[in-house]
Amino acid sequence: MSDRLERSVIAPANPKLNVSRNANLPHSPGIRAGDYIFLSGMGPVDPVTGGRDLGPVAEQIRQTLRNMAHMLESAGSGLDRVVKVMIVLADSADYDEMNQVWREFFPVDPPARTCCALQLSNGNGVEIECIALAGKAA
Amino acid sequence: MALEREIIASNHPVLPVSLAVRGGDFVFLSGMTAVDPVAGSVAHGTVAAETRHILTEMARLLEAAGSSLARVVKVNVLIYSMLEYDNMNTVYREFFTVDPPARTVCGAKLIGGHKIEIDCIALR
């Protein structure tokens, strides 16, 4: 059907951050669908080694948000185009620290957000996913 | 002009939710567990069996909405224990073979004795 929106896979410019491909997992880093970008849950992956960067949780969150920015910029979008974020912490005690780091990345007009504590994979202290608008702001 | 909101499947057998709602070009599915969508009977089993049950029903629902598994853009998986992550993935791969959707998987306390719950957003 010609009126159907296109669906395409998006991937980070830095191949070290392509976790699903590097670990052979059955998800894509992100999918663009029409005007929206949907990113998979991301963890604190080191952009140089591709390994897990499991330092203090504040630094894990910072690294994950930097990776998210990279992923969005690789697809022609950016953090300023994010509309919705879900942050999953391994420990709800890290909530205040998460908010401090969050403010560094979203100082004005932050996106909508849900945050909760759940069981995470790979020993991650945090996992973050988002929905963003495709393209740059007008 | 406002986008159209269409209830694709309002017939959840147990809960006061719609199974699938279309909003514009997107189709949103409720979290699905190993429950027969018509009879409401529970089909508890292994993580692999529950994953297969859910994704089989998800494909049916999406097709009823004019979509398909190949049009899914985002999946959320909640699993009762992340120790079962690989058991879920083994079955999951069978259903999403090429260019799989974006996905987040977390371990959570699920309701009703279910081992796994999956929702998705798809393009129609």
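Here goes a summary of the coordinates provided. (Residues numbered from 1 in each chain as written. Chains lettered and ligands numbered in written order. Predicted model: local features only at pLDDT ≥ 70, side-chain atom pairs only at ≥ 80, totals over all residues. Heavy atoms only, no water.)

## What about the overall build of chain A?
What chain A contains, in helices and strands, is three helices and six strands. Computed over its C-alpha atoms, the radius of gyration of chain A comes to 15 Å, within 12% of the 14 Å expected for a compact globule of 138 residues. Once the C-alpha set of chain A is aligned to its principal axes, its extents read approximately 50 × 35 × 25 Å. Out of the 138 residues belonging to chain A, those deemed buried represent 48%. Taking the intrachain contacts of chain A between residues at least 6 apart in sequence as the baseline, contacts between residues at least 24 apart amount to 71%. (Helix = DSSP H or I, 4+ residues; strand = E, 2+ residues; numbered from the N terminus. Rg over C-alpha atoms; globule rule 2.2 N^0.38 Å. Buried < 20%, exposed > 50% of the residue type's maximum accessible area, 1.4 Å probe, protein only. Contact = heavy atoms within 4.5 Å.)

## Considerations on the packing of aromatic side chains
Tallied over the entire structure, the rule returns six aromatic pairs over all chains. Both rings, one in Y92 of chain B and one in F96 of chain B, keep their centres 4.7 Å apart while their planes meet at 35°; by these two values the pair is tilted. Judged by relative accessible area, Y92 of chain B falls into the buried class, the value being 0%. Ring pairs connect the aromatic residues Y36 and F38 of chain A together with F26 and F28 of chain B, which therefore count as one cluster. (Phe/Tyr/Trp six-rings, centres within 6.5 Å; stacked < 30°, edge-to-face > 60°.)

## A closer look at the nonpolar core
L29, M58, L62 and M88 of chain B are the most contacted members of the largest nonpolar core, which has 31 residues in total. Looking at this core, the elements with two or more residues in it are strand 3 (26–32), helix 1 (47–64), strand 4 (72–79), helix 2 (85–95) and strand 6 (116–123) of chain B. Sort the elements by how many residues they give to this core and helix 1 of chain B lands first, with seven residues. Not counting residues within four places of it along the chain, the set of residues in contact with L29 of chain B comprises L19, A20, M58, L61, L62, D119 and C120 of chain B. Counting residues in each nonpolar core, the second largest holds 27 residues, with L65, M68, V101 and F105 of chain A among its members. (Core = buried A, V, L, I, M, F, W, Y, C linked by side-chain atoms within 4.5 Å.)

## Re the interface of chain B and chain A
The interface is formed by 31 residues belonging to chain B together with 25 residues belonging to chain A. Summed over both sides, the interface between chain B and chain A buries roughly 2300 Å², with carbon and sulfur atoms accounting for 56% of that surface. Interface area lost by chain B to chain A is led by R71, M82 and R93 of chain B, which between them contribute 19%. Remark: the boundary between chain B and chain A carries one salt bridge. Ionic pairing is found between E129 of chain A and K74 of chain B, a salt bridge with its closest N-O pair at 2.7 Å. Applying the counting criterion to the chain B and chain A interface returns 15 residue pairs in polar contact (both at pLDDT 80 or more). (Buried area = accessible area lost by both parts, 1.4 Å probe. Salt bridge = Lys/Arg side-chain N within 4 Å of Asp/Glu carboxyl O. Polar contact = N/O pair within 3.5 Å; in protein donor to acceptor, adjacent residues only side chain to side chain.)

## Considering the sheet that holds strand 1 (residues 5–9) of chain B
All names here are of chain B. Strand order in the open sheet formed by six strands is 1-2-3-6-4-5, with mixed pairing between adjacent strands. Pairing within the sheet leaves two strands with one partner each, and these edge strands are strand 1 and strand 5 (102–107). On average, each strand axis in the sheet is tilted by 15° relative to the strand beside it, whichever way the strands run. Across five bridges, the pairing between strand 3 and strand 6 is antiparallel. Within strand 6, the residue paired with L29 across the bridge is C120. (Pairing = 2+ DSSP bridges. Axes fitted to C-alpha atoms, helices over the stretch in contact; angles between N-to-C directions.)

## Re unusual backbone geometry
All names here are of chain A. With phi around 50°, N24 is a residue other than glycine that occupies positive phi space. If you trace the backbone, N24 turns up in the loop between helix 1 (19–22) and strand 2 (30–33). In this structure, D109 is a non-glycine residue whose phi angle is positive, near 45°. By relative accessible area, which is 75% here, D109 ends up exposed.

## Remarks on the environment of A48 of chain B
Residue and element names in this part refer to chain B. Looking at the element boundaries, A48 is found in helix 1. Sequence separation between A48 and V27 is 21 residues; the distance between their C-alpha atoms is 25 Å. For A48, the contacting residues outside a window of four places in its chain are N87 and V91.

## Focus: the pattern of salt bridges
Residue and element names in this part refer to chain B. Here the structure, examined in full by the defined rule, presents nine salt bridges over all chains. Close ionic contact of D25 with R124 constitutes a salt bridge, the shortest N to O distance being 3.3 Å. Of this pair, D25 sits in the loop between strand 2 (20–23) and strand 3 while R124 is found in the segment after strand 6, placing the two residues 99 residues apart along the sequence. Residue classification places R124 among the partly exposed residues on the basis of a relative accessible area of 32%. We note a salt bridge from R60 to E57, for which the minimum N-O separation is 2.8 Å. Of this pair, R60 and E57 both sit in helix 1, three residues apart, which is roughly one turn of the helix.

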